[in-house]
Amino acid sequence: MKNYSNIFKPTKKNLIKAAKILKNSGIVALPTETVYGLAANAYSAKAIHKVYQLKKRPKKNPLIVHFDTLNSIKKETEPNLYLNKLFNKFSPGPITYVLKLKKSSRISRKLTNQSGTVACRVPANSYFRKMIKLTKTPLAAPSANVSNHVSPTSAKDVYDEFGKKIKFILDGKQSKIGLESTVINLIDKPNILRPGKISITEIKRVIKNVKKNKSKKILSPGQLKKHYSPGIPMYLDKTKPKIDGAYITFGKTSLKGKNIFNLSKQGSLEEVGKKLYQKLRFIKKQGFKNISVKKIPNQGIGIAINDRLKRASS
Ligand code: TXA
Ligand code: MG
């Protein structure tokens, strides 16, 4: 039996306890609407160092910093032509803006890969924003998984990644979206570095000249292939499971059995996105040897799902 004594309910007392840990350059895992994050004081080099060590994350892969307001982002970053419009439409929510860091900013350069830029997000999750208010500092938070593993969408998933190596995991139930935020670079010509729930089509309605990032040069190391791996082979665009394998599908199907996982009987891709990581973890735990997945239409949130599936299967 697992002993989940480091998972805490989001009571006022527990939030204050978590804030204390953060203020002392400690690490806590917090829920967001996308996935759970491993939070650290963004001003503290010591705290940031701990995050990289815990995650076994390459130093060159920069972290996202979470804020509670647009003004607090502006305090740390150079003025940007696109930020106001996008922020008013999509934030707080599952979108991250890459901006130029002000020279005067106290944000630890350790988390920026010395790039002179910083990725900024205001999460919709109210507990997370409450933690920013209580600590009075922006919080760096990569997804709360060991590098290259699937992102966690529940407190227990975080426990499975780190066990007691983190003192405090805040239980905010299952993440509503289940896929990491859209990352958009707003320096020079806006371009999407990582697709997410907020699609390029939606973004184009607000700023016209946005591009998918096609450049071979990796701007966002999270774009590296082999990422989000469930730890067993995955096969995409399949119509049935392979031997000893599980099958992930959605919508109507005639397939039946313990190895068939229908993520959305209504065929909603939002629902597929929400349950995907949770099911990949479950399937691996059940001892299946591989996972086949039905073809996902490449539109809307389907673009983000396909992006993660491609990395998981490479
Ligand atoms: O939904 C999310 O974004 C979650 C929750 C916890 O907020 N966080 C998350 O963080 O997914 P992480 O560290 O797993 O992914 C951050 C991505 C990586 O692909 C990283 O390379 C990119 O953002 N990134 C961070 N800072 C950057 C920067 N200054 N320039 C370009 N890409 C950056
Ligand atoms: Mg991650």
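This text gives an overview of the structure that appears in the document. Please read all numbers here as calculations on a predicted model, not as lab measurements. (Residues numbered from 1 in each chain as written. Chains lettered and ligands numbered in written order. Predicted model: local features only at pLDDT ≥ 70, side-chain atom pairs only at ≥ 80, totals over all residues. Heavy atoms only, no water.)

1. Some words on the overall build of the protein chain
Phase 1 of the analysis: Looking only at helices and strands, the protein chain features nine helices and 15 strands.
Phase 2 of the analysis: The C-alpha radius of gyration computed for the protein chain amounts to 19 Å, which stays within 12% of the reference 20 Å derived for 314 residues, consistent with globular compactness.
Phase 3 of the analysis: Viewed in the frame of its principal axes, the protein chain has a C-alpha envelope of about 60 × 50 × 30 Å.
Phase 4 of the analysis: Residues counted as buried form 56% of the 314 residues belonging to the protein chain.
Phase 5 of the analysis: Surface accessibility of the protein chain: about 15400 Å² in total, with carbon and sulfur atoms responsible for 53%.
Phase 6 of the analysis: Positive and negative charge centroids in the protein chain, built from 67 and 16 side chains respectively, lie 3 Å apart. (Helix = DSSP H or I, 4+ residues; strand = E, 2+ residues; numbered from the N terminus. Rg over C-alpha atoms; globule rule 2.2 N^0.38 Å. Buried < 20%, exposed > 50% of the residue type's maximum accessible area, 1.4 Å probe, protein only. Areas by Shrake-Rupley, 256 points an atom, 1.4 Å probe, with all protein chains shown as cover. Lys, Arg positive; Asp, Glu negative; His and termini not counted. Charge placed at Lys NZ, Arg CZ, Asp CG, Glu CD.)

2. Comments concerning the sheet that holds strand 6 (residues 117–121)
Sheet strands associate in pairs through backbone hydrogen bonding, adopting either a parallel or an antiparallel arrangement.
Phase 1 of the analysis: An order of 1-8-2-3-7-4-6-5-9-10-11 is seen for the 11 strands of this open sheet, with the pairing classed as mixed. Edge positions in the open sheet fall to strand 1 (7–8) and strand 11 (211–212), since each of these has one partner strand only.
Phase 2 of the analysis: Across two bridges, the pairing between strand 10 (residues 191–194) and strand 11 is parallel. Opposite Asn 191, over in strand 11, you have Lys 211 as the bridge partner.
Phase 3 of the analysis: Across the sheet, helix 6 (residues 155–162) is in contact with strand 1, strand 2 (28–30), strand 3 (37–41) and strand 8 (168–170); its angle to strand 8 comes to roughly 155 degrees. (Pairing = 2+ DSSP bridges. Contact = heavy atoms within 4.5 Å. Axes fitted to C-alpha atoms, helices over the stretch in contact; angles between N-to-C directions.)

3. Considering the sheet that holds strand 13 (residues 245–249)
Phase 1 of the analysis: Pairing in this open sheet of four strands is parallel, and the strands run 12-15-13-14 from one edge to the other. Two strands lie at the open edges of the sheet, namely strand 12 (234–235) and strand 14 (260–262), each paired on one side alone.
Phase 2 of the analysis: Two elements, strand 13 and strand 15 (residues 290–293), share four bridges in a ladder whose sense is parallel. Counterpart to Ala 246 in the pairing with strand 15 is Ile 291.

4. Examining helix 9 (residues 301–313)
Phase 1 of the analysis: For helix 9, with 13 residues, the first-to-last C-alpha span of 18 Å sits near the 18 Å given by 1.5 Å per residue.
Phase 2 of the analysis: For helix 9, a buried count of 10 out of 13 residues is recorded, marking the element as mostly surrounded by other parts of the structure.
Phase 3 of the analysis: Those residues of helix 9 not exposed but buried are Ile 301, Gly 302, Ala 304, Ile 305, Asn 306, Asp 307, Arg 308, Leu 309, Arg 311 and Ala 312. (Expected span 1.5 Å × (residues − 1).)

5. Description of the side chain of Ser 154
Phase 1 of the analysis: Its location among the elements puts Ser 154 in the loop between strand 7 (139–140) and helix 6.
Phase 2 of the analysis: Discounting chain neighbours no more than four positions away, the residues touching Ser 154 are Tyr 36, Lys 173 and Gln 174.

6. Here we look at the environment of Arg 106
Phase 1 of the analysis: Here Arg 106 lies in the loop between strand 5 (95–100) and strand 6.
Phase 2 of the analysis: The spacing of Arg 106 and Glu 76 is 30 residues in sequence and 7.7 Å in space, taken between C-alpha atoms.
Phase 3 of the analysis: Aside from chain neighbours lying at most four places away, what touches Arg 106 is Ala 42, Tyr 43 and Glu 76.

7. Here's the deal with the pairing of strand 3
Phase 1 of the analysis: The element strand 3 is largely enclosed, with a buried count of five among its five residues.
Phase 2 of the analysis: Burial of strand 3 is two-sided: the residues Gly 37, Ala 39 and Asn 41 facing one way and the residues Leu 38 and Ala 40 facing the other way are all buried.
Phase 3 of the analysis: Pairing between strand 2 and strand 3: three bridges, direction antiparallel. Across the sheet, Leu 30 pairs through a bridge with Gly 37, a residue of strand 3.
Phase 4 of the analysis: Looking at chain direction, strand 3 and strand 7 are connected through two bridges and run antiparallel. Bridge assignment links Asn 41 to a residue of strand 7, and that residue is Leu 139.

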